[in-house]
Amino acid sequence: MTAVCLLAALALESMPWIGDGRPAAGDGAGWYEERPAPVFRTVFESAGGDVEISVACLGYYLLSVDGQTVNEVPMPLWSPFAKTVYADTYRVGTRAGMNVIELVLGNGFYNLPPLKFWGSKCFRDALAHGEPCFKLAVGGIEKLDWEWRESEIVSNSPYLGTVLDFARERETAWRRAAETAARAGKIVERKAPPVAVCGALEGRPSWLEAGKIQIIDFGANATGMPFFEFSSAPGDRIEIVYGERLNADGSVNPLTQTAGQIKRGNGGDGAPALAAQRDLIVAGGDFSGTVPFAWHICRYAEIRGLGKLVARAELKLVSSDLAPVEPGKSFKSADPRLEKLHETCVRTFRSNLVGVQSDCPGREKLGYGGDIVATCEAMMLNFDMGEFYLKTLQDFADEAEDDGWLTETAPYVGICDKGYGGRSGPVAWTVAVPVLIDAIMRHRPELRDRALAYYPVCARYARLLDAKFPGGIIPFCIGDHEALERAADGVNATAHWYLFAKLTARFAGALGLGDDEAEFGAMARKIRESFAAGYVKDGIVDNGTQSAQAIALYLGLVPEGEIAKAEARLLEAIEEKGFAPHTGIFSTRYMLMYLSEHGYADVAGRIVLHEGFPGWMHMLDRGATTLWETWAESDDVYSNCHPMFGSVDEWMLKYGEAANSPGE
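As the structure is a prediction and not an experimental result, all values here were calculated from the model. (Residues numbered from 1 in each chain as written. Predicted model: local features only at pLDDT ≥ 70, side-chain atom pairs only at ≥ 80, totals over all residues. Heavy atoms only, no water.)

**Q** How should I be thinking about unusual backbone geometry in this particular structure?
**A** Peptide bonds are mostly trans, and most non-glycine residues show a negative phi. Backbone torsion omega between Glu-326 and Pro-327 reads 5°, so that peptide bond is classified as cis. In this chain, Ala-410 is followed by Pro-411 through a cis amide linkage whose omega measures -5°. Looking at where Pro-411 falls in the secondary structure, it is placed in the loop between helix H5 (386-400) and helix H6 (427-430). The backbone of Asp-66 sits at a positive phi, close to 50°, despite the residue not being glycine. Relative to the helices and strands, Asp-66 is located in the loop between strand E3 (60-65) and strand E4 (68-69). Here the phi dihedral of Trp-118 falls at roughly 55°; this positive angle occurs in a residue that is not glycine. (Helix = DSSP H or I, 4+ residues; strand = E, 2+ residues; numbered from the N terminus.)

Shown next, in the form of structure tokens:
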């Protein structure tokens, strides 16, 4: 298939970008005005049999040939579009004679609404964006004539949902499509797994208010595309709001997955006062189908506007099409609590692997590096992540191409909290790049050379950091996010800079670059010495918390003569909290792994199985079916589907049986 893919990418390069030619909706309130998604059509002649159809799209798309759906999931891989656009190639059966291709075009991440996330940050400003468009090539055909007309999809957004209006009068005549300019980089054939349907949850409907409001319970929190079947009359307005949890009165609570905490009309001109995930269907009669161009994180849906219960509701689970691997694939434990926790972690992971590894699949949907650092090992023990993570490395490399600074998220959306100027992100998030190179080399050694191809990205960034912080200490960072008692941010930042430099030196050695290996080895030693001088005293790291001790011990920053005292202090900090974890995004993993690697797996087991707040058992006891973003339960701010505390799954898959013997 490699030769075919290469030819497909070359064929697409010669094709024009196709759009509808309408004036742009713009970056202000006009974006939210009614603007039906276009459906495009062309015909081609075939001798019959299979043909190759390749598509590159800036946006989302649904493709069909002679009325037969080609791609059930309309989400091509999101990437830094100005640098790299990934193309899909399909082998499609055709009939002899003329065949009709139709393509419905959605906005996706190329045409996001101008929402002001958290009241200030507009992702659209940082992304290559414009009106959605596509390239399509069929076999050896050199030219295709496209025409378009409006669809029933009045609006669509990955953050706000979709509006379908089947009762709206619209022109049925086809108009000539336009060749258009696009902010697009190189077209590359996709090697990473596509986003696909990976299962389904059946919904159970019940009345909240008879004849007016019904609640659908899908049984578990997950990411998916909703499918509904119901009876309705032309003109009926069916509003569907999605949420991870219910309010006390039984209604759906959308607040934990509301886009960018836009809840008080703080989303900018034209934005909804509450940027909840919701769909609206204006019926043309009975309805049966999937709501297009929308994917939601939810357990519940609240439906208004139907006089009868829906006949069928289903959440088609969507995720990158990742093959399960051992040991996660067949994990079993003598302790049913660990099996339930593993299942919860895997559901959380799947829900956050939709083209990028996200921090949460509702409020942000972004590829944060910090969550990758915390959980990539757990991910690779569950799924074949090789190509997915190579694509992630390319995303970060694309964003660093111009100035060398790695970003907090890839694709970059303008977030650079506690970075070092310009677009740069904090080092504990940017260390995702060398961490992923190392993980791929260990788990997928046949991909070693492709992973090491990103060494120059690491080397350039490490030199930039060294020039900016020549003393070997980085005093600020986002920190050990969500730790109940956290180390100073400088501890977290400097420790991860050390990890960055150490891994970069290792890669230089693997490539036979002796001078570079010496340079980055010396850099790592300088950082280690500065860390010890600045943060370690008689085995006590900074404030002596679980967070501080775990970070320094696991990353190898405690001087040899003080390790025993540092371990003793970590154990004291754990006992002081009754074996409850008070750690954050990084130190949770580091604490569990350090304990188990140094003879204290029983202590780690007591932490994992700790009953009550804070801890994983507390989440499960409170009915969580995906992991929370915070140890404390949140019903109005924090995501109920966040992977970072899923680092516990790495521990379970490596050491979990040690937790079956101790009791509390």
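**Q** Teacher, can you tell me more about the nonpolar core here?
**A** Note that soluble globular proteins tend to have their nonpolar side chains buried in a common cluster. If you look at the biggest cluster of nonpolar residues, it comprises 187 residues, and the most contacted ones within it are Tyr-159, Leu-341 and Trp-616. Here this core takes 12 residues from helix H10 (residues 489-510), the largest share from any one element. Counting 22 residues, the second-largest nonpolar core is a separate cluster that includes Ile-53, Cys-57, Phe-134 and Trp-148. (Core = buried A, V, L, I, M, F, W, Y, C linked by side-chain atoms within 4.5 Å. Buried < 20%, exposed > 50% of the residue type's maximum accessible area, 1.4 Å probe, protein only.)

**Q** Honestly, the packing of H5 against helix H7 (residues 432-443) in this entry has me stumped. Any pointers?
**A** Each pair of packed helices can be described by the angle between their axes along with the distance between the axes. Their axes nearest at 10 Å, the elements H5 and H7 cross at an angle of 155°. It follows from the interaxial angle that H5 and H7 lie roughly antiparallel. Note on packing geometry: the crossing formed by H5 with H7 is left-handed. On H7, the residues touching Gly-386, Tyr-389, Leu-390, Thr-392, Leu-393 and Phe-396 of H5 are Val-433, Leu-436, Ile-437 and Ile-440. Within the contact of H5 with H7, the residues separate by chemical class into eight nonpolar, two polar and no charged. (Axes fitted to C-alpha atoms, helices over the stretch in contact; angles between N-to-C directions. Parallel < 35°, antiparallel > 145°, perpendicular 65-115°, else oblique. Left-handed = near helix turned anticlockwise from the far one by under 90°. Contact = heavy atoms within 4.5 Å. Nonpolar A, V, L, I, M, F, W, Y, C, P; charged D, E, K, R; others polar.)

**Q** Help me out: how do you make sense of the pattern of salt bridges in this one?
**A** Side chains bearing opposite charge may pair, as long as their charged atoms lie close to each other. In this structure the tally under the stated criterion is 49 salt bridges. Two residues, Arg-423 and Glu-399, come together in a salt bridge whose shortest N-O distance is 2.8 Å. With Arg-423 in the loop between H5 and H6 and Glu-399 in helix H5, this residue pair connects regions lying 24 residues apart in the sequence. Owing to a relative accessible area of 10%, Glu-399 belongs among the buried residues under this scheme. (Salt bridge = Lys/Arg side-chain N within 4 Å of Asp/Glu carboxyl O.)

**Q** Sorry, what's going on with helix H11 (residues 514-535) here?
**A** Given 3.6 residues per turn, any residue in an α-helix points the same way as the ones three and four places further on. An ideal rise of 1.5 Å per residue puts 32 Å on 22 residues; H11 measures up with 31 Å between its terminal C-alpha atoms. Buried within H11 are the following residues: Asp-516, Phe-520, Gly-521, Met-523, Ala-524, Ile-527, Ser-530, Phe-531, Ala-532 and Tyr-535. Each element contacted by the buried residues of H11 is listed here: helix H9 (455-468), H10, strand E25 (536-537), strand E26 (540-541) and helix H12 (546-554). (Expected span 1.5 Å × (residues − 1).)

**Q** Looking at this structure, I do not really get empty space enclosed by the protein. What am I missing?
**A** The method is simple in principle: a probe with the dimensions of a water molecule rolls over the atoms, and the space it marks as empty is what remains. Inspection of every chain in the model, using the stated rule, returns one cavity of 30 Å³ or more. Within this model, the largest cavity holds a volume of roughly 100 Å³. Tyr-60, Pro-76, Leu-77, Trp-78 and Phe-109 are, among the 13 residues lining the largest cavity, the residues nearest its centre. Each residue belonging to the lining of the largest cavity can be placed in one class, and the counts come to 11 nonpolar, two polar and no charged. (1 Å grid on protein atoms, 1.4 Å probe; cavity = no way out; pocket = protein on both sides within 12 Å on 5 of 7 lines; lining within 4 Å. Points joined across faces, edges and corners; volume = space filled by probe spheres on them.)

**Q** It is not clear to me how the environment of Gly-556 should be interpreted in this structure. Could you clarify?
**A** Among the structural elements, Gly-556 can be located in the loop between H12 and helix H13 (563-576). For Gly-556 and Tyr-498, which are 58 residues apart along the polypeptide, the C-alpha to C-alpha distance reads 9.2 Å. Among residues more than four places away in sequence, those in contact with Gly-556 are Tyr-498 and Arg-528.

Everything listed is a geometric property; what it means functionally is a separate question.
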